[in-house]
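Descriptive analysis of the structure
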Amino acid sequence: MRFKYLSIPFFILILIGCDSSSENKPTQPEPFGIVIHGGAGTILRENMTAENEAAYRSVLAEAIKVGHKILENGGSSQEAVEKTIHVMEDSPLFNAGKGAVLTADETIELDASFMNGETLDAGAISGVRTIKHPISAAIKVMENSPHVMLSGKGADQFAAEQGLEIVAPEYFYTDRRINALKRVKEAENKEQETTLLEQQFVKNQRYGTVGCAALDKNGNLAAGTSTGGMTNKKWNRIGDAPIIGAGTYANNASCAISATGWGEFFIRSVVAYDISALMEYKGLTIQEAAKIVIHEKVAKLGGDGGVVGIDNQGNIAMEMNSPGMYRAHMDSKGNLSVKIYQDE
Ligand code: ASP
């Protein structure tokens, strides 16, 4: 009697074991990939010189290749995101690390955040002034503190105690950002209407954040974002970049997202988490979810900007409602695409 009942599953097991077709199937390589942004805004061909455009494309390609190599060699998405962002933080072209925008008081206040999609651990810092690589400080907060977010002097002190590279505030300053602050202040104080070009310029000074989302060969997702925030910001203003769920989110069940754009609207729209939630709870693809959140939520509130993201299968989204977003993608086969304008 006992044998009779045991024999059915046993028989099935033997049948499965004998299925030689599954043994001979070539094993699928694990998907992996990486996607980055260097800020979104009124990036128009007519306002861009050929040299400038080439310089942006070149740093984007250099940065993403660093992360791709790590992933290709079996490294973690966390390491890929961190090292990729370092390249953009070191480049004066982007509004993160060196070359960050200036506050109204002519100081630099940097924000960054990171999230690990496997553990749902996260770390963030805001308003720091001396940390060369703010993204690494966000990761240290995640790994070596009982907190998720540190700010101001305390965050600078924590980073120093953690042995991160500390620089004098002057390290971050560039002539381009000093002049930009002057121009934005002049426009602010002008009584009469400013020209369209001037309005575009002022609006653009909100942008230039950098971010990265990656999937590694173990199926783990990670995302990070680093920024100087908005030119001429006052009162220790903090944008979406260091806010988990707004500027950055990662969850192995869905996707990894980094956002860029007008931070106030991205905080109110809880952009990065909303994309993940639409995927997790409603079964939307990453592209469908990113489209809804950018075009139906952020845009309807009056905000602009974009996101880059990757899901747990390596599918990506690069969605924006601004004329451009510096962005790049590399897949597991090593195909690289670098884009700037929306219509590319
Ligand atoms: N989102 C950033 C902020 O509001 C700015 C940007 O992405 O360019 O601080």
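Whatever comes next refers back to the structure up there.
Overview of the structure. Starting afresh in each chain, residues are numbered from 1 along the sequence in its written order. In keeping with the predicted nature of the model, local features appear solely for residues at pLDDT of at least 70, side-chain atom pairs appear and are counted solely at 80 or more, and the whole-chain, interface and lining totals rest on all residues. The basis for every side-chain value is the complete set of heavy atoms in the structure, and neither hydrogens nor water enter the calculation.

For the protein, the count of helices and strands is 11 helices and 12 strands. Relative to all contacts within the protein whose residues are 6 or more apart in sequence, the contacts with residues 24 or more apart total 69%. Summed over its atoms, the accessible surface of the protein is roughly 15,800 Å², and 54% of this surface lies on carbon and sulfur atoms. Secondary structure elements follow DSSP: runs of H or I no shorter than four residues count as helices, runs of E no shorter than two count as strands, and numbering proceeds from the N terminus. Here, residues are in contact when the closest pair of their heavy atoms is within 4.5 Å. The Shrake-Rupley method, run with a 1.4 Å probe, gives the accessible areas here. Residue values count only the displayed protein chains as cover.

This paragraph deals with the nonpolar core. Residues belong to a common nonpolar core when they are buried Ala, Val, Leu, Ile, Met, Phe, Trp, Tyr or Cys residues joined through side-chain atoms within 4.5 Å. A 1.4 Å probe rolled over the protein chains alone gives each residue an accessible area, and that area as a share of the maximum for its type sets the label: buried under 20%, exposed over 50%, partly exposed in between. Ranked by internal contacts, the top residues of the largest apolar core, which has 54 residues, are Ile-34, Ile-36, Leu-60, Phe-94, Phe-114, Ile-125 and Tyr-326. Sorting elements by how many residues they give to this core places helix α3 (residues 50-72) first, with 8 residues. The next biggest cluster of nonpolar side chains, apart from the first, holds 36 residues, and it includes Ala-122, Ala-256, Phe-265 and Ile-310.

By definition here, a salt bridge exists when the distance from a side-chain nitrogen of Lys or Arg to a carboxyl oxygen of Asp or Glu is within 4 Å. Summed over all chains, the structure comprises 10 salt bridges. Among the salt bridges present, the one from Glu-72 reaches Lys-69, with a minimum N-O distance of 3.5 Å. Residue Glu-72 and its partner Lys-69 are both found in helix α3; the two are separated by 3 residues, about one turn of the helix. We classify Glu-72 as partly exposed; its relative accessible area is 34%.

Turning our eyes to something else, we now look at the sheet that holds strand β9 (residues 305-311). By definition, two strands form a pair when at least two bridges between them are found by DSSP. Taken in spatial order, the 4 strands line up as β7-β8-β9-β10 in an open sheet, and their pairing is antiparallel. A single partner strand is all that each edge strand has here, and the edge strands are β7 (248-250) and β10 (316-320). With strand direction ignored, the average angle separating the axes of adjacent strands in the sheet is 10°. Two elements, β7 and strand β8 (residues 255-261), share 3 bridges in a ladder whose sense is antiparallel. Pairing of Tyr-249 across the sheet is with Ile-257, part of β8. Angles shown run from 0 to 180 degrees and are taken between the N-to-C directions of axes, each axis being a line fitted to C-alpha atoms and, for helices, limited to the stretch in contact. The strands touched by helix α10 (residues 271-282) within the sheet are β7, β8 and β9, with β8 carrying the most contacts at an inclination of about 145°. Sheet strands touched by helix α11 (residues 286-301): β8, β9 and β10. Its angle to β10, the strand with the most contacts, is close to 15°.

The next thing to look at is the pairing of strand β1 (residues 33-41). Counting buried positions along β1 yields 9 of 9 residues, so the element is predominantly enclosed. The pairing of β1 with strand β5 (residues 210-215) spans 5 bridges and is antiparallel. Within the sheet, the bridge partner assigned to Ile-34 lies in β5 and is Ala-214. Relative to strand β11 (residues 324-331), β1 is paired through 7 bridges, and the arrangement is antiparallel. If you follow Ile-36 over to β11, its bridge partner there is Ala-328.

The end-to-end C-alpha distance of α10, which contains 12 residues, comes to 16 Å, matching closely the 16 Å that a straight helix rising 1.5 Å per residue would cover. Every buried residue belonging to α10 is among Val-271, Ala-272, Asp-274, Ile-275, Ser-276, Ala-277, Leu-278 and Met-279, and all of these are buried. Here the buried face of α10 lies against β7, β8, α9 (263-268), α11 and β9. What a helix should span is 1.5 Å times the count of its residues minus one.

Let's shift gears to empty space enclosed by the protein. In this analysis the probe radius is 1.4 Å and the grid spacing 1 Å, with only protein atoms considered; a cavity is a set of points the probe fits into but cannot get out of, a pocket is an open set with protein on both sides within 12 Å along at least five of seven lines, and lining residues have an atom within 4 Å of a point. Grid points are joined across faces, edges and corners, and a volume is the space filled by probe spheres set on the points. A full pass over the atoms with the stated rule returns 1 cavity of 30 Å³ or more. The calculated volume of the largest cavity comes to roughly 60 Å³. Lining the largest cavity are 11 residues; nearest its centre among them are Thr-209, Thr-227, Gly-229, Asp-240 and Gly-261. Three categories are distinguished: nonpolar for Ala, Val, Leu, Ile, Met, Phe, Trp, Tyr, Cys and Pro, charged for Asp, Glu, Lys and Arg, and polar for the others, with Gly belonging to the last. Residues that form the lining of the largest cavity fall into these classes: 2 nonpolar, 6 polar and 3 charged.

Next up on the list: the site of the ligand. For this description, a residue counts as near a given molecule or strand if any of its non-hydrogen atoms is within 4 Å of it. Neighbouring the ligand are 11 residues, the closest being Thr-209, Arg-237, Asp-240, Thr-260 and Gly-261. In the complex, the protein chains occlude 99% of the 270 Å² of accessible area that the ligand would expose alone. In this structure, the ligand is accommodated by the largest cavity. Class assignment of the residues belonging to the shell around the ligand gives a composition of 1 nonpolar, 7 polar and 3 charged. Occupancy of a cavity or pocket is assigned to a molecule whenever over half of its atoms lie within 2 Å of that pocket's grid points.

Below, the discussion takes up the sheet that holds strand β6 (residues 221-227). Strands belonging to one sheet form pairs held by backbone hydrogen bonds; the direction of such a pair is parallel or antiparallel. An order of β4-β3-β2-β6-β5-β1-β11-β12 is seen for the 8 strands of this open sheet, with the pairing classed as mixed. One side of each edge strand has no neighbouring strand; the edge strands of this open sheet are β4 (149-151) and β12 (336-341). Going from strand to strand, the sheet's axes swing by 10° on average, the running direction of each strand aside. Across 6 bridges, the pairing between strand β2 (residues 110-116) and β6 is antiparallel. Across the sheet, residue Met-115 finds its bridge partner in β6, namely Ala-223. Strand contacts of helix α5 (residues 134-144): β2, β3 (122-128), β4 and β6, with the helix running at about 50° to β2, the strand carrying the most contacts. The strands that helix α6 (residues 152-161) touches are β3 and β4; relative to β3, the one it contacts most, it runs at about 120°.

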